[in-house]
Amino acid sequence: MSKDRLYDALLDALTATFGHHPGFRATHAKGMLLSGTFMASPPAPVLSRAAHLQGQPVPVLLRFSNFSGVPATEDGDPMASPHGLAIRFALPDGESTDIVTHSFDGFPVATPEDFLSFLQGIAANVATPPDPLPLQTFLASHPRAEHFLQTPKPAPSSYAGIEYFGINALVFTNRQGEAHIGRYRIEPLRAEPALSEQQAVAMPADYLQDEISARLGRGAVKLRLVVQLAAPGDAIEDGSIPWSRSHDEVELGILTLDALVPAGEQQSAQQRLDFNPGRLIDGIAPSDDPMILARERIYQRALLRRQQP
Ligand code: HEM
């Protein structure tokens, strides 16, 4: 199968799973957009020469989201997890660069080909009548996918109270040409406890959005952007395998979330914006992990589809 056909088939499989919701993202359909500022920390330029990491404040747009491709998914629904956090950095030269993360340390699979088999299995499993066999067969030979499905993903008490992971490794290069491989993590300054299952089902449909609005009303919200560096033996090419947390990390900087994008502009701005993990700039490049380049093309195609009437 050609790459373009593979990427189209992935989008078809997402639509088969979640249904067609014109204008909305095929996955992470429900989201909210915030504006703020990123300020790089002193170690950031030592790791990378990227323009936003040199110590000047940079405007950012951030989108918190729920995993599901169904826009009406309630925030406490299990299909809302993993939650997403996408960030766009507006650079001084008018360019921009993005980070796209989710709240689980790992992905079900390592390659787009395997993700297609996984999604097709899920689509068959939710079809009428359901056919569970393709998913069962896939999971039997893909233990990381089984782990992803089986691991509890409790509903957070706040979008800003949990960790988010970049999953796919990148190469960070500084002015001296020194390169390091790492994965992004975004974390609250102080972690907040998740909800129990009983609490989650009792929460209002938009409780995560309401919580962020209320929190911003009390003042700015801060998150820390970290790069987890690869240790010898860490899986560079396989985002389904988490890395040890005991190895070196570099704090890239602090994200300060100041305000919600005004209600009247929320939906149109979300629909116009195209966060893309492949939107990279000098000083940050894809690693041998095949997913960054695949996701770059898939998200571009997804944008074209969702902009069609
Ligand atoms: C082959 C693997 C993947 C496929 C096929 C895929 C597919 C998609 C698609 C179609 C969208 C909507 C894009 C748009 O319309 O703008 C999307 C968004 C998103 N994906 Fe993925 N994805 C993959 C891997 C990942 C991984 C590894 C992560 C976790 C880091 C992730 C997290 C997200 C998030 C958070 C969004 C929402 C971004 C936003 O707020 O605009 N995806 N994905």
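Scroll up to find the structure.
A brief report on the enclosed structure follows.

Rules used throughout
- Residue positions within a chain follow its written sequence, with the count starting from 1.
- This being a predicted model, a pLDDT of at least 70 is required before a residue's local features are given, and a value of 80 or more before pairs of side-chain atoms are given or counted; all residues contribute to the totals for chains, interfaces and linings.
- Here exposure depends only on C-beta density: within 10 Å of a residue's C-beta, 20 or more other C-beta atoms make it buried, 12 or fewer make it exposed, and intermediate numbers make it partly exposed, the C-beta atoms being placed from the backbone.
- Per the convention used, a helix needs a DSSP run of H or I reaching at least four residues, while a strand needs a run of E reaching at least two, with both numbered from the N terminus.
- Whether two strands pair depends on DSSP finding at least two bridges between them.
- Here, nearness means that the C-beta atom of a residue, built from backbone geometry, sits within 6 Å of the molecule or strand in question.
- All residues other than Ala, Val, Leu, Ile, Met, Phe, Trp, Tyr, Cys, Pro, Asp, Glu, Lys and Arg, Gly among them, are scored as polar; the first ten of these are nonpolar and the last four charged.
- We define the nonpolar core as any set of buried residues of the types Ala, Val, Leu, Ile, Met, Phe, Trp, Tyr and Cys, connected via C-beta atoms lying within 7 Å of each other.
- In this description, any two residues whose backbone-derived C-beta atoms lie within 7 Å of each other are considered to be in contact.

### A look at the pairing of strand β4 (residues 96-102)
Right, so step 1: When you tally the buried positions in β4, you get five out of seven residues, the bulk of the element.
Right, so step 2: Taken together, strand β3 (residues 84-90) and the strand that follows it, β4, pair antiparallel across an intervening segment of five residues, in which Gly 94 is found at a positive phi of about 90 degrees.

### Focus: the site of the ligand
Right, so step 1: Neighbouring the ligand are 32 residues; His 28, Arg 63, Gly 84, Ala 86 and Ala 302 lie closest to it.
Right, so step 2: Mapped onto the shell around the ligand, the elements with two or more residues apiece are α1 (3-18), β2 (58-65), β3, β4, α3 (112-126) and α9 (291-307).
Right, so step 3: Residue contributions to the shell around the ligand peak at eight residues, all from α9.
Right, so step 4: Each residue belonging to the shell around the ligand can be placed in one class, and the counts come to 17 nonpolar, 10 polar and five charged.

### A few points about the environment of Leu 260
Right, so step 1: In this fold, Leu 260 is placed in strand β9 (residues 249-260).
Right, so step 2: Judged by the 17 C-beta atoms lying within 10 Å of it, Leu 260 falls in the partly exposed class.
Right, so step 3: When the C-alpha atoms of Leu 260 and Leu 61 are compared, they prove to be 9.6 Å apart, with 199 residues separating the residues in sequence.

### Digging into the nonpolar core
Right, so step 1: If you look at the biggest cluster of nonpolar residues, it comprises 64 residues, and the most contacted ones within it are Leu 10, Val 60, Leu 62, Leu 85, Ile 87 and Leu 252.
Right, so step 2: With six residues, α9 is the largest single contributor of residues to this core.
Right, so step 3: In this structure Leu 252 touches Ala 40, Ser 41, Ala 44, Leu 53, Leu 225, Val 226 and Val 227, once residues within four positions along its chain are discounted.

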